[in-house]
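# Analysis of the macromolecular model
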Amino acid sequence: MQLWRSLFRSLFCKWKSYRHRFVPWVALNLARNRRTMRYVQDSRCDKLIPDTEVHAALEKLFRAIFLQDLQSQNELLCMLPEATKSTYRHFHAPEHQSKTSSESDVPLEAREILHSTLGFCIARAPSSIDSAGTGVFVSKGHVQKGAVVSMYPGTVYQQYEPIFFQSIRNPFIFRCIDGILIDGNDKGISQYLYRSCSRRDQLGPLKLCDATWLSAFPQNPWAVGQYVNNCSNEREANVCYQEFDVPEYFPIELRQYLPNINYSPDSQGPLRCVVLVALRDIDCGEELFSNYFTIVQ
């Protein structure tokens, strides 16, 4: 009897954390859970901030990380166009190197770079909601309304591409409005496929995506968005998802920090990314909550 109680308790806890992604449950509970839904009039209106601001935020953080890692990027710099190399030449000068090493022998961690660049840090920790598992918190600083807070990492699948086996017991499948899917699971077959795709698209030392989000210490400190929990009637959403297509002119040397990769090497069009944008000011210590469900009316 004790064994059955333990098994039932375990299954009930898993159901409580998974039910928000179970479509029949969502349909039956729309009326009582309206605060957990996000309504937009049209898919084209599903933008809290312009794409230009998302692009600027990504480039600002990624460039700060790149400058911190510049001393280990010699081989990459040699492959870049002359115009791009000239942008970083004064950061790579001998006098700058000696000055940097005299100020600190320990490189900044990714989260500290995030704080010094945008004024806040985020980190994974046990959620404040019972049975919700891991959550994401503002661990330092203050987030302003409209700021990019996080990114949803993972392999990007078009509607016609195979994702059945990856989706089994996988609560980290994100569906975009146009049907594109992002698998943000950092374990099992999902992890294997992402690593495989990332190595496939690598050109010598030039990486086109970031695979460190699969570890406990992601190089891109934003790449923890898959652990942001769903809001509830008691906990309103303070961030929302916003889809962003990476343009072709995105700096080639900064693509190594994008936590997404296309499943197929023949995918047409720009790379799809999903960022999380703050719906209001968020203070230090607050947990991030999103709307798992966007209803296009």
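Quick notes on the rules
- Residues numbered from 1 in each chain as written.
- Predicted model: local features only at pLDDT ≥ 70, side-chain atom pairs only at ≥ 80, totals over all residues.
- Heavy atoms only, no water.
- Pairing = 2+ DSSP bridges.
- Helix = DSSP H or I, 4+ residues; strand = E, 2+ residues; numbered from the N terminus.
- Axes fitted to C-alpha atoms, helices over the stretch in contact; angles between N-to-C directions.
- Contact = heavy atoms within 4.5 Å.
- Parallel < 35°, antiparallel > 145°, perpendicular 65-115°, else oblique.
- Left-handed = near helix turned anticlockwise from the far one by under 90°.
- Nonpolar A, V, L, I, M, F, W, Y, C, P; charged D, E, K, R; others polar.
- Expected span 1.5 Å × (residues − 1).
- Buried < 20%, exposed > 50% of the residue type's maximum accessible area, 1.4 Å probe, protein only.
- Arc of directions from axis to C-beta.

- The name given to the protein in an unreviewed UniProt entry is SET domain-containing 9, and the organism recorded there is Xenopus tropicalis.

### Section: the sheet that holds strand β7 (residues 181-183)
- Read from one edge to the other, the open sheet built from four strands follows the order β6-β7-β5-β10, with strand pairing classed as mixed. The strands lining the two open edges of the sheet, one partner per strand, are β6 (173-175) and β10 (260-262). Strand-to-strand twist in this sheet, taken as the mean axis angle between neighbours without regard to direction, amounts to 25 degrees.
- Pairing geometry for β6 and β7, over three bridges, is antiparallel. Bridging from a neighbouring strand, Arg-175 pairs with Leu-181 of β7.
- Helix α9 (residues 188-200) rests against β5 (154-157), β7 and β10 of the sheet, and its axis sits at about 75 degrees to β10.

### Details of the packing of helix α3 (residues 51-68) against helix α7 (residues 110-118)
- One way to put it is that α3 packs onto α7 with a least axis distance of 10 Å and a crossing angle of 125 degrees. The angle between the axes of α3 and α7 places the two elements in the oblique class. For the pair α3 and α7, the sense of crossing is right-handed. Along its contact with α3, which presents Lys-60, Leu-61, Ala-64, Ile-65 and Gln-68, the element α7 presents Ile-113, Leu-114, Thr-117 and Leu-118.
- Classifying every residue of the contact of α3 with α7 by side-chain character gives six nonpolar, two polar and one charged.

### A closer look at α3
- Over its 18 residues, α3 runs 26 Å from end to end, which matches the ideal 26 Å to within 8%, given 1.5 Å per residue.
- All buried positions along α3 are accounted for by Val-54, His-55, Ala-57, Leu-58, Leu-61, Phe-62, Ile-65 and Phe-66. Buried residues of α3 fall within an arc of 165 degrees about the axis and therefore sit on the same side.

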